Amino acid sequence: MKLQSITVSEVLGLSRADINFAGITLVAGNNATGKSTLADCISMAMLGTPSRVSLKKELDQLLHDDAAKGRVTISYDEGEGTAEFRLPKGEHHADEFPGMQFLPYVLKPSKFAELTADERRTLLFQLTNCKASSKVIIQKLVGRGVDETLATDFAINWKTGFPAAAKEAYARATAAKGAWRQITGQTWGSVVAEDWTAPKPEGKCPTAKELDDLMAEHGKIQTEVDKGQQYVGGLEAKREASASFLQRSNDAADLHEQLERRQNKQKATEKDLKTLEAELPALVEELATLQAGCVPVDCPCCGEQLRINGGKLEKFAGLKADTKLITDLALRVRNAKDAIDLLKRTLANDIKSVGEAEAAGVQYKAIIAEKVEVIDDEKIEAGKTALAGCKQKANDLRAEFNAKQQARIDFESVKTKTEEATMAHTNVKTWLAVGDALSPDGIPGELLADAIAPFNQSLAVLARLCSWKVPAVQADMAVTYGERLYGLCSAAEKWRTDALIALAIAQISQLRLAVLDGFDILHAAARQELLGMCIQLESMGAMETLILCGTMKELPAGLSKRGIASVWISNGIAENAL
């Protein structure tokens, strides 16, 4: 990728930049003049992601001094591609080109070292185009002893990457361990499961004939139970019938025994009624006579008041004297009538009562004629006791049959359970093997070794060009410089490592572009070594654009003669040096 030019307006430390790039461009100036700003502007325009702020609302902080707007524009590949970023809205545009996903690592070399081990692994797979095809995975799984059918099925259906596939395989191994435990009742272990056999039950295995005989005997006893239930049920029904018979016969007999008393009461009621009915007319006549005598008449001779009483004429003593006699007699008449009415009703009830007693006699004879069998409780209890004994014997036979049937099943299942446990154990081993094969140290490690080799080879070639120690990415994705871990290196050693890794990524990805900011961390001899390597890479066509930024008191002489463009930044302005 060949950058032609960049223009910058009012961004961070740069008020203005108008630069034409060569194959190698050296950007220099004093401290805090905008060298890193220029590197950030290139990254901002190409990637659309500012490095100094994280929120869109903070983009206005990237403007130079009090400027209201800012812009970065880059032209590349003979003007066929452009990239632009505008402030403060963050508007971004960049024409697409192959290898764009690797730009962050050549524009900011330290980014590779900031990745996690998994992220580095993924990046190297992508960078070296090392693909794990299903065919390769199947071959490697089969080579590790995994059944080809299982390996094929798993590889074809696995689409989620090595970590997820390994996790799935281990999950299936855990499920197989659970199955083994369910079969055996024990916790799975590689040693105990290897030769596990189902324990044989104690005693002798019951024969099929023994089970048939027990079932036949149980059937006979169950028949007796059914008969006993019918027998006891019949006795209880008869007891209820006999109890009803005794109650009805006793009730009828008791009622019939009252016949004579009820008849005598009827006769007495008839006699009392006849007597009152005979006395009532005389009382009524006497009352009428007394009431008639209460009206006096004058004597035609002497004028005295007279009345007739009992057919005799007598002197009238006055109305007041007769009132009490009339009242008492009227009360007697009324009482006599009431008594007659009561006796009539009583007589009707007596007649009915006598009829009931006579009917009870007839009913008693009919009940006695039924000849119902009388059942006592002792007979029923004896039947229940015999029934309970039959039931207990039937239960005992059923329990014995179930126990022997289970024993026979246990004997017969020894072989089956052993085979099932063996199969479950085989599944555990298979899925553990698959999980191990798909873990980072397995097949991914083998594939990664294929991916790391060309990368490390490129790093070694670059290191030799500048006579530096060789950086490398180890199998566990640790980065080293010489034999020292990256995290233990000095700042200058880390810069050299980052620079060489960025150049290796630029070459392998075919971007052939790198921005190396802060080269002033190197001593003078190392700077010359870096510059010499860059000249060789550019002359061989291995790199098309190399931009080196660093603090210097002045630009070195003779750069243009070596084909190196130079840019001096001062007072917020960056331009190509003459």
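All values reported here derive from a predicted model rather than from experimental measurement. (Residues numbered from 1 in each chain as written. Predicted model: local features only at pLDDT ≥ 70, side-chain atom pairs only at ≥ 80, totals over all residues. Heavy atoms only, no water.)

Asks: Talk me through the side chain of histidine 64; I want residue IDs and the actual numbers.
Replies: Examined against the element boundaries, histidine 64 turns out to sit in the loop between helix 1 (35-47) and strand 4 (70-76). What histidine 64 contacts, discounting residues up to four positions off in sequence, is Glu10, Val11, Leu12, Gly13, Leu14 and Ser15. (Helix = DSSP H or I, 4+ residues; strand = E, 2+ residues; numbered from the N terminus. Contact = heavy atoms within 4.5 Å.)

Asks: Go over the sheet that holds strand 15 (residues 564-570), please, and point to the residues and values.
Replies: Note on sheets: strands pair through backbone hydrogen bonds, and any given pair is parallel or antiparallel. Ordered by their spatial adjacency, 10 strands build an open sheet running 6-5-4-1-2-16-15-3-14-13, and the pairing between neighbours is mixed. The open sheet terminates on both sides in strands that have one partner only, identified here as strand 6 (91-94) and strand 13 (513-517). On average, each strand axis in the sheet is tilted by 10° relative to the strand beside it, whichever way the strands run. On the sheet, helix 1 packs against strand 1 (3-11), strand 2 (14-20), strand 3 (24-29), strand 4, strand 5 (81-87), strand 6, strand 13, strand 14 (545-551) and strand 15 and is oriented at approximately 110° with respect to strand 1. Sheet strands in contact with helix 15 (residues 524-539) are strand 3, strand 13, strand 14 and strand 15, and its direction is about 165° off that of strand 14. (Pairing = 2+ DSSP bridges. Axes fitted to C-alpha atoms, helices over the stretch in contact; angles between N-to-C directions.)

Asks: Pulling in residues and values, what's your account of the sheet that holds strand 12 (residues 484-485)?
Replies: Spatial strand order, 10-11-12: three strands in an open sheet with antiparallel pairing. This sheet does not close on itself; its edge strands, each paired only once, are strand 10 (471-473) and strand 12. Two strands pair when backbone bridges link them, and strand 10 and strand 11 (residues 479-481) are joined in this way by three bridges, in the antiparallel orientation. Bridging across to strand 11, proline 471 finds its partner in tyrosine 481. Strands strand 10, strand 11 and strand 12 of the sheet are contacted by helix 14 (residues 491-508), whose axis makes an angle of about 115° with strand 11.

Asks: Quick one: what's the story with the packing of helix 7 (residues 162-184) against helix 12 (residues 377-438), residue by residue and with numbers?
Replies: One can describe the packing of helix 7 onto helix 12 by two numbers: an axis separation of 8 Å at closest approach and a directional angle of 165°. Judged by the angle between their axes, helix 7 and helix 12 are roughly antiparallel. The handedness of the crossing between helix 7 and helix 12 is left-handed. Partitioned by chemical class, the residues of the contact of helix 7 with helix 12 number 17 nonpolar, four polar and five charged. (Parallel < 35°, antiparallel > 145°, perpendicular 65-115°, else oblique. Left-handed = near helix turned anticlockwise from the far one by under 90°. Nonpolar A, V, L, I, M, F, W, Y, C, P; charged D, E, K, R; others polar.)

Asks: Could you give an account of unusual backbone geometry, with specific residues and numbers?
Replies: A cis geometry characterises the amide bond from leucine 87 onward to proline 88, with omega recorded as 10°. Mapped onto the elements, proline 88 comes out in the loop between strand 5 and strand 6. Notably, leucine 12 is not glycine yet its phi reads approximately 50°, a positive angle. Tracing the sequence through the fold places leucine 12 in the loop between strand 1 and strand 2.

Asks: Talk me through the packing of helix 5 (residues 134-143) against helix 13 (residues 443-466); I want residue IDs and the actual numbers.
Replies: Put simply, helix 5 and helix 13 touch, their axes get as near as 11 Å, and they point 125° apart. Looking at the two axes, helix 5 sits oblique to helix 13. Note that helix 5 runs across helix 13; the crossing there is right-handed. Across from Val136, Ile137, Lys140 and Leu141 in helix 5, the residues of helix 13 making contact are Ile443, Glu446 and Leu447. Within the contact of helix 5 with helix 13, the residues separate by chemical class into five nonpolar, no polar and two charged.

Asks: Give me the pattern of salt bridges: which residues, what numbers.
Replies: Applying the stated criterion across every chain yields a total of 16 salt bridges. Between glutamate 194 and lysine 429 there is a salt bridge; the shortest N-O distance is 3.6 Å. Of the two residues, glutamate 194 is situated in helix 8 (residues 190-194) and lysine 429 in helix 12; the sequence distance between them amounts to 235 residues. The exposure class of lysine 429 is partly exposed, given its relative accessible area of 38%. A salt bridge links glutamate 400 to lysine 404; the shortest N-O distance between them is 3.5 Å. (Salt bridge = Lys/Arg side-chain N within 4 Å of Asp/Glu carboxyl O. Buried < 20%, exposed > 50% of the residue type's maximum accessible area, 1.4 Å probe, protein only.)

Asks: Give a detailed account of helix 5, specifying residues and quantitative values.
Replies: Burial in helix 5 covers these residues: Ile137, Ile138 and Leu141. Buried residues of helix 5, seen end-on, are gathered within an arc of 100° and therefore sit on one face of the element. Residues of helix 5 that are exposed and point over 90 degrees away from its buried face: Lys135 and Gly143. Where helix 5 ends, the next residue or the one after it, glycine 145, has phi of about 95°, a positive value. (Arc of directions from axis to C-beta.)

Asks: So what about the side chain of threonine 497? Which residues, and what values?
Replies: Mapped onto the elements of the fold, threonine 497 is located in helix 14. Polar side-chain contacts of threonine 497 include one of 2.9 Å to the backbone oxygen of glutamate 493. Those residues in contact with threonine 497 that lie beyond four places of it in its chain are Pro471, Val479, Thr480, Tyr481 and Tyr486. (Polar contact = N/O pair within 3.5 Å; in protein donor to acceptor, adjacent residues only side chain to side chain.)

Asks: For the layout of surface pockets, give the residues involved together with the corresponding values.
Replies: Counted as a void, the largest pocket has a volume near 450 Å³. Together, 21 residues line the largest pocket, and Asp40, Leu107, Lys108, Pro109 and Ser110 are the ones closest to its centre. For the lining of the largest pocket, the leading source of residues is helix 1, giving five residues. (1 Å grid on protein atoms, 1.4 Å probe; cavity = no way out; pocket = protein on both sides within 12 Å on 5 of 7 lines; lining within 4 Å. Points joined across faces, edges and corners; volume = space filled by probe spheres on them.)

Asks: Tell me what's going on with the environment of leucine 462, and back it up with residues and numbers.
Replies: Counting through the fold element by element, leucine 462 comes out in helix 13. We classify leucine 462 as buried; its relative accessible area is 1%. C-alpha separation for the pair leucine 462 and threonine 128, spaced 334 residues apart in sequence, amounts to 17 Å. Those residues within four positions of leucine 462 in sequence are excluded, and the remaining contacts are Leu500, Leu503, Ala504, Gln507, Met533 and Leu537.

Asks: Before we move on, could you go through the nonpolar core and cite the residues and values that matter?
Replies: Of all hydrophobic cores here, the largest spans 112 residues; its most connected members are Ile6, Ile42, Met46, Phe112 and Phe455. Looking at this core, the element that brings in the most residues is helix 13, giving 10 residues. With sequence-adjacent residues up to four places away left out, isoleucine 6 is seen in contact with Ala17, Asp18, Ile19, Phe21, Leu38, Cys41, Ile42, Val72, Thr73 and Ile74. By size, the runner-up hydrophobic cluster in this structure holds 12 residues, among which are Leu280, Leu290, Ile326 and Leu347. (Core = buried A, V, L, I, M, F, W, Y, C linked by side-chain atoms within 4.5 Å.)

Asks: Got a sec to walk through the packing of aromatic side chains? Specific residues and values, please.
Replies: A complete count under the given rule lists three aromatic pairs for this structure. Seen in terms of ring centroids, tryptophan 180 and tryptophan 196 are 6.0 Å apart; in terms of plane orientation they differ by 70°. Their pairing is edge-to-face. In this pair, tryptophan 180 is assigned in helix 7 and tryptophan 196 in the loop between helix 8 and helix 9 (208-256), connecting sequence segments 16 residues apart. A single burial state applies to tryptophan 180 and to tryptophan 196, both of which are buried. Positioned over the ring face of tryptophan 468 is arginine 496, at 5.1 Å from the centre of the ring. (Phe/Tyr/Trp six-rings, centres within 6.5 Å; stacked < 30°, edge-to-face > 60°. Lys NZ or Arg CZ within 6 Å of the ring centre and 35° of its normal.)

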